[in-house]
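# A closer look at the structure
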Amino acid sequence: MSAIETHFQQVRDRIHAAENACGRAGAVKLLAVSKTKPARLVRDAWHTGQRDFGENYVQEGIDKIQALQDLDGLCWHFIGPLQSNKTRAVAEHFDWMHSVDRLKIAQRLNEQRPEHLPPLNICIQVNISDEDTKSGVSPEDVQTLAAEIVTLPNLKLRGLMAIPVPTDDPAAQHAAFRAMSEVLTTLQDRWPEQDLDTLSMGMSDDLEAAIAEGATMVRIGTALFGARNYS
């Protein structure tokens, strides 16, 4: 096997083991975070069966989307912070937006989503660890933002995303992810008619804890593609 095949198999094995450990076999989707990585590596990953890819930078993501149009079944997720002047590009090119944290961004995405495309799948980003430097709404404000998003016809609210404060403490990892699950449950109880099925949480260092606490999508980059080069 090639190096990328080996890495993808190792991560998929970790996901399957974590799913089985908590009785959730087949419940978790792997989102391969391809930011700063060349399109050729995304193509290699596609050949392993991977279809969902996450990008943090708008133009870099669009360049890859256009370079890989010949590949069937690709699903592109925007997972980084988004400035209001970049919303049109995301609305026109991506399938998912994971980092909505204010109404203005949601409204612009809704207005700029092309009519020929299905509604843009949306996750609200939650600042679950209450970090001053991190984007996201507080858990207490999630329902207020969700109530606005569900009225926007060109968006489809799917769930929540979070990046808890990094820690090696398993108990702290579990606590943050458990809190996210509880916030999603409150949304599901309020809007049972919505397809609120997504908890985008867990990365290379904490995916097991995230899955144990209800993650449905884990965002993995380093463990699949290696360390990133930001130069």
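Rules used in this analysis
- Residues numbered from 1 in each chain as written.
- Predicted model: local features only at pLDDT ≥ 70, side-chain atom pairs only at ≥ 80, totals over all residues.
- Heavy atoms only, no water.
- Axes fitted to C-alpha atoms, helices over the stretch in contact; angles between N-to-C directions.
- Helix = DSSP H or I, 4+ residues; strand = E, 2+ residues; numbered from the N terminus.
- Parallel < 35°, antiparallel > 145°, perpendicular 65-115°, else oblique.
- Left-handed = near helix turned anticlockwise from the far one by under 90°.
- Contact = heavy atoms within 4.5 Å.
- Core = buried A, V, L, I, M, F, W, Y, C linked by side-chain atoms within 4.5 Å.
- Buried < 20%, exposed > 50% of the residue type's maximum accessible area, 1.4 Å probe, protein only.
- Arc of directions from axis to C-beta.
- Phe/Tyr/Trp six-rings, centres within 6.5 Å; stacked < 30°, edge-to-face > 60°.
- Salt bridge = Lys/Arg side-chain N within 4 Å of Asp/Glu carboxyl O.
- 1 Å grid on protein atoms, 1.4 Å probe; cavity = no way out; pocket = protein on both sides within 12 Å on 5 of 7 lines; lining within 4 Å.
- Points joined across faces, edges and corners; volume = space filled by probe spheres on them.
- Nonpolar A, V, L, I, M, F, W, Y, C, P; charged D, E, K, R; others polar.
- Pairing = 2+ DSSP bridges.
- Right-handed = clockwise from strand over helix to strand, strands pointing away.

At a minimum axis distance of 11 Å, the contact between helix H6 (residues 142–149) and helix H7 (residues 170–190) shows a crossing angle of 45 degrees. Relative to H7, the element H6 lies oblique. By crossing handedness, the relation of H6 to H7 is classed as right-handed. The segment H6 lies against H7, with Val142, Gln143, Ala146 and Ala147 engaging Val183, Thr186, Leu187 and Arg190.

Here we come to the nonpolar core. The biggest cluster of nonpolar side chains holds 65 residues, and the ones touching the most others in it are Leu109 and Leu160. Of the residues forming this core, the biggest block, six residues, is contributed by H7. Sequence-distant contacts of leucine 160, that is, excluding residues within four places in its chain, are made with Cys123, Ile124, Val126, Val142, Met180, Val183, Leu184, Leu187, Thr198, Leu199 and Ser200.

Okay, H6 next. Within H6 the residues assigned to the buried category are Val142, Leu145, Ala146 and Ile149. Projected down its long axis, H6 shows its buried positions confined to an angular sector of 100 degrees, all on one face. Of the surrounding secondary structure, the elements contacted by the buried residues of H6 are strand S4 (96–100), helix H5 (103–112), strand S5 (120–126), strand S6 (155–162) and H7.

Inspection of the entire model under this criterion finds three aromatic pairs. Ring geometry for phenylalanine 8 against phenylalanine 225: centres 5.8 Å apart, planes inclined by 80 degrees, an arrangement best described as edge-to-face. Taken together, the residues span a long stretch of sequence, with phenylalanine 8 in helix H1 (residues 3–21) and phenylalanine 225 in helix H9 (residues 222–225) at a distance of 217 residues. On the numbers, 5.9 Å between centres and 35 degrees between planes, the contact of phenylalanine 53 with tryptophan 76 is tilted. Here phenylalanine 53 is found in strand S2 (residues 52–55), whereas its partner tryptophan 76 is found in strand S3 (residues 75–78), with 23 residues between them in sequence. The same class applies to phenylalanine 53 and to tryptophan 76, which are both buried.

The next point concerns the side chain of lysine 64. Locating lysine 64 in the fold gives a position in helix H3 (residues 58–67). Discounting residues that sit within four places of it in the chain, lysine 64 has contacts with Ser34, Lys35, Thr36, Lys37, Ala39, Val42, Glu55 and Trp76.

Any two side chains of opposite charge can pair, given that their charged atoms come close. Summed over the entire model, instances satisfying the criterion amount to 10 salt bridges. Lysine 64 is paired through a salt bridge with glutamate 55; the nearest N and O atoms lie 2.9 Å apart. In terms of burial, lysine 64 and glutamate 55 fall into one category: buried. Here glutamate 92 and arginine 88 are joined by a salt bridge, their closest N and O atoms 3.9 Å apart. Of the two residues, glutamate 92 and arginine 88 are both situated in helix H4 (residues 87–93); the distance of four residues between them amounts to about one turn of the helix.

Over the atoms rolls a probe the size of a water molecule, and its path tells where empty space is left. In this structure, the largest pocket encloses a volume near 330 Å³. Every residue lining the largest pocket is counted, 19 residues in all, and those nearest its centre are Lys35, Asn56, Ile79, Ile163 and Met203. Taken together, the residues that form the lining of the largest pocket break down as seven nonpolar, eight polar and four charged. Taken together, the residues of the lining of the second largest pocket break down into four nonpolar, three polar and four charged.

This paragraph deals with unusual backbone geometry. Its identity is not glycine, yet threonine 36 carries a phi of approximately 70 degrees, on the positive side. Turning to its location among the elements, threonine 36 is positioned in the loop between strand S1 (29–33) and helix H2 (39–47). On the basis of relative accessibility, which here comes to 23%, the residue threonine 36 falls in the partly exposed class.

Attention now moves to the pairing of strand S8 (residues 217–220). Judged by which residues are buried, S8 turns out to be covered on both faces: Met217 and Arg219 on one side and Val218 and Ile220 on the other are all buried. Examined bridge by bridge, S1 and S8 share four bridges and lie parallel to one another. When the sheet's bridge partners are listed, leucine 30 is paired in S8 with valine 218.

Another point: the pairing of S1. For S1, the buried fraction is high: four of the five residues fall into the buried class. Alignment of S1 against S2, held across two bridges, turns out to be parallel. Looking across to S2, one finds that valine 33 is bridged to glycine 54. For the crossover from S1 across H2 to S2, the handedness is right-handed.

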